[in-house]
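Chain and residue survey
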Amino acid sequence: MRASGVLLPVSSIPSEYGIGCFSKEAYDFVDQLAEAGQQYWQILPLGPTGYGDSPYQSCSTFAGNPYFIDLKELTEKGLLTGEECEACDWGENFSYVDYEKIYKSRSALLRRAYKRADLKNESQYEEFVKRQGHWLLDYGLFMAIKDQQGGKSWMNWPKELQNHKSEAVENARRELKEEIEFYCYQQYLFSCQWTRLKEYVNQKGVRIIGDVPIYVAPDSADAWARPELFQFDEEYCPKAVAGCPPDAFSATGQLWGNPLYDWKKHREEGYLWWTRRMLRCMELYDIVRIDHFRGFDEYYSIPFGEKTAENGHWEKGPGLELFHILNSRIQSLEVIAEDLGFLTESVLEMVKQSGFPGMKVLQFAFDESESSCYLPYKYEKNCVVYTGTHDNETTRGWLEGLNEHDSRFVRSYIDCEDKDLNTCVWGLIRAAHASVADLCIIPLQDYLCLGNEARMNVPSTLGNNWKWRLRRGQLTDQILKRMRALSVLYGRFYEEG
């Protein structure tokens with residue numbers, strides 16, 4: 001069935017206290033999606049962020065980001081006061097997140113709320129801990145020890161604490177009981193609020209597309225609790241790390257630094273860790289976009305310690321065996337395969353056999369060859385088309401930087417001679433909607449015709465990413481009507497009820 005949706009991270013929702021969260025404004029945004037006839041809301045990973053603030057480098061693949069907890073709800077429950085929230089410094093620019101101020105303010109407020117909570121008489125909390133037990137207590141313990149160690153990576157902890165099964169870790173579990181409970185309590189609040197919001201989203205006829213990074217962060221509870229599932233040596237040092245080889249965009253490639261999976265060990269365990277991970281994802285989302293899908297066919301292995309990705313090599317991944325097992329165990333599993341970039345024949349065949357829709361990005365379509373596979377007339381129905389993703393420039397920003405040939409090609413393709421770039425942006429949005437792709441997802445920045453001041457991420461850079469926020473009133477009724485009209489015109493319309 002043809003459908004359309006919007007890409008907007010939770011962090012970008014306009015709300016009080018410095019960052020988008022599960023507040024009233026999130027519910028208002030869902031109402032706007034329904035009003036515009038949209039059936040999908042795509043978000044970025046919901047995991048806790050650390051250094052660099054990237055949702056793709058989370059300290060847990062199972063946990064939720066406490067930044068998204070609605071503080072106003074905690075004031076209504078008497079766990080915080082409005083004065084306490086207002087007294088914090090949340091930053092001065094409502095268009096961007098100030099993560100340093102968020103980190104300092106939210107942690108202190110959530111700790112106050114925890115101190116005031118009566119968890120001994122909170123039966124739902126106990127049920128939550130029991131239900132999520134396989135990852136939750138490890139996450140709480142990891143974060144508690146990390147705090148005790150001054151925030152250092154677990155790879156720099158004392159040797160006896162690096163070993164998850166050591167007596168020292170068991171002692172820490174007892175000594176840090178209250179701190180562990182504080183981190184579990186944050187996850188309880190996150191879960192309660194997200195579950196309620198997701199139910200509302202679904203009641204409005206909208207489905208959530210979540211985002212699953214293929215790899216875990218090196219400094220994560222996942223790597224610390226189960227090092228045998230990754231390519232670590234006996235000293236818990238990575239043997240090799242993830243990345244991408246040199247290409248036309250990067251002469252030295254991309255060095256991501258994530259630990260690589262020991263796929264042999266995963267296979268011996270019947271892919272139990274991946275099963276648990278994807279079951280958790282299907283609790284949180286309706287559909288999952290799996291990032292760097294080609295890594296399941298072949299993954300790029302870079303020797304640990306290399307300064308660039310130039311000296312890596314390709315290794316075979318688990319292929320479709322993993323997804324055959326996941327499909328047999330998870331009835332509700334729905335996947336979008338992020339199959340962007342250079343793809344070999346074996347990757348293309350894996351995506352085809354999986355039956356999962358792949359991705360098409362219009363910004364990749366208009367190059368010197370004029371024959372890119374991302375041109376809309378080359379699509380098959382089973383795909384998802386985007387004007388751009390979180391890693392791209394905004395469409396207006398991209399148009400502003402095009403060379404003369406590519407600019408002419410774009411304008412000729414969408415029949416736009418208007419000098420106003422906003423007209424061209426809407427022409428590309430229209431081209432995406434008009435395509436044969438079953439699903440069309442447009443970043444909200446493109447509907448707003450914003451430039452690169454609203455870009456979410458510039459890959460391989462630190463400091464200015466993941467910050468953009470929607471301002472109150474920026475998504476107008478006029479834009480919503482135009483979104484709705486396009487969905488109606490191209491057979492992608494959904495009407496609530």
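Residues numbered from 1 in each chain as written. Predicted model: local features only at pLDDT ≥ 70, side-chain atom pairs only at ≥ 80, totals over all residues. Heavy atoms only, no water.

What follows concerns the overall build of the chain. When its secondary structure is counted, the chain shows 19 helices and 12 strands. Its C-alpha atoms give the chain a radius of gyration of 23 Å, within 12% of the compact-globule value 23 Å for 497 residues. C-alpha atoms of the chain, sized along the principal axes, occupy 70 × 55 × 40 Å. Here the chain holds 497 residues, and the buried ones make up 58% of them. For the chain, the computed accessible surface area is about 21800 Å², with 48% contributed by carbon and sulfur atoms. (Helix = DSSP H or I, 4+ residues; strand = E, 2+ residues; numbered from the N terminus. Rg over C-alpha atoms; globule rule 2.2 N^0.38 Å. Buried < 20%, exposed > 50% of the residue type's maximum accessible area, 1.4 Å probe, protein only. Areas by Shrake-Rupley, 256 points an atom, 1.4 Å probe, with all protein chains shown as cover.)

Moving on: unusual backbone geometry. For Y236, which is not glycine, the phi torsion reads 60 degrees and is therefore positive. Examined against the element boundaries, Y236 turns out to sit in the loop between α10 (221–225) and β4 (240–244). Positive phi is not limited to glycine here, since C449 has a value of about 55 degrees. Assignment of secondary structure puts C449 in the loop between α18 (444–447) and α19 (477–489). The exposure class assigned to C449 is buried, which follows from its relative accessible area of 12%.

Read from one edge of the open sheet, 8 strands run β9-β6-β3-β2-β1-β12-β11-β10, paired in parallel fashion. The two strands at the open ends of the sheet, each matched to only one other strand, are β9 (335–337) and β10 (358–361). The mean angle between the axes of side-by-side strands here comes to 25 degrees, regardless of whether they run parallel or antiparallel. Bridge count between strand β6 (residues 287–290) and β9: 3 bridges; the pairing is parallel. By the bridge assignment, I290 is partnered in β9 with A337. (Pairing = 2+ DSSP bridges. Axes fitted to C-alpha atoms, helices over the stretch in contact; angles between N-to-C directions.)

Next up on the list: the layout of surface pockets. The computed volume of the second largest pocket comes to approximately 520 Å³. What lines the second largest pocket is a set of 19 residues, and nearest its centre among them are D339, L348, V351, K360 and E380. Taken together, the elements giving at least two residues each to the lining of the second largest pocket come down to α14 (345–354) and β10. Residues that form the lining of the second largest pocket fall into these classes: 10 nonpolar, 4 polar and 5 charged. (1 Å grid on protein atoms, 1.4 Å probe; cavity = no way out; pocket = protein on both sides within 12 Å on 5 of 7 lines; lining within 4 Å. Points joined across faces, edges and corners; volume = space filled by probe spheres on them. Nonpolar A, V, L, I, M, F, W, Y, C, P; charged D, E, K, R; others polar.)

Looking now at the pattern of salt bridges. Once the charged atoms of two side chains with opposite charge are near each other, the side chains can pair. A complete count under the given rule lists 28 salt bridges for this structure. Residue K77 is joined to E73 by a salt bridge in which the shortest nitrogen-to-oxygen separation is 3.3 Å. A relative accessible area of 52% means that K77 is categorised as exposed. We classify E73 as buried; its relative accessible area is 11%. Residue E178 pairs with K115 through a salt bridge whose shortest N-O separation is 2.6 Å. Here E178, found in helix α9 (residues 177–203), pairs with K115, found in helix α4 (residues 99–116); they are 63 residues apart in sequence, far enough to count as distant. Assessed through its relative accessible area of 47%, E178 is described here as partly exposed. (Salt bridge = Lys/Arg side-chain N within 4 Å of Asp/Glu carboxyl O.)

The tendency in soluble globular proteins is for nonpolar side chains to be buried as a group. The biggest cluster of nonpolar side chains holds 167 residues, and the ones touching the most others in it are W41, W194 and F296. The element that contributes the greatest number of residues to this core is α9, accounting for 11 residues. Apart from the residues lying within four places of it in its own chain, the contact partners of F296 are I214, W263, W274, I290, G317, P318, G319, L322, F323 and M350. (Core = buried A, V, L, I, M, F, W, Y, C linked by side-chain atoms within 4.5 Å. Contact = heavy atoms within 4.5 Å.)

Attention shifts here to the sheet that holds β4. Through backbone hydrogen bonds, the strands of a sheet pair up, either in parallel or in antiparallel fashion. Read across the open sheet, the 4 strands follow the order β5-β4-β7-β8; overall the sheet is antiparallel. Each edge of the open sheet carries a strand with a single partner, namely β5 (254–259) and β8 (313–316). Neighbour-to-neighbour, the strand axes of the sheet open up by a mean angle of 50 degrees, direction not taken into account. Note: β4 against β5, 3 bridges, orientation antiparallel. Looking at the pairing, C244 lines up with Q254 of β5.

Any two aromatic rings considered together are summarised by their centre-to-centre distance and by the angle between their planes. Counted under the stated rule, the structure contains 48 aromatic pairs. On the basis of an interplanar angle of 15 degrees and a centroid distance of 6.1 Å, the ring pair of F62 and W135 is categorised as stacked. Remark: W135 occurs in helix α6 (residues 133–148) and F62 occurs in the loop between β2 (40–42) and α2 (71–76); sequence separation between them is 73 residues. We classify W135 as buried; its relative accessible area is 5%. Look at W157 and W224: their rings are 5.7 Å apart centre to centre, the planes differ by 70 degrees, and that puts the pair in the edge-to-face class. (Phe/Tyr/Trp six-rings, centres within 6.5 Å; stacked < 30°, edge-to-face > 60°.)

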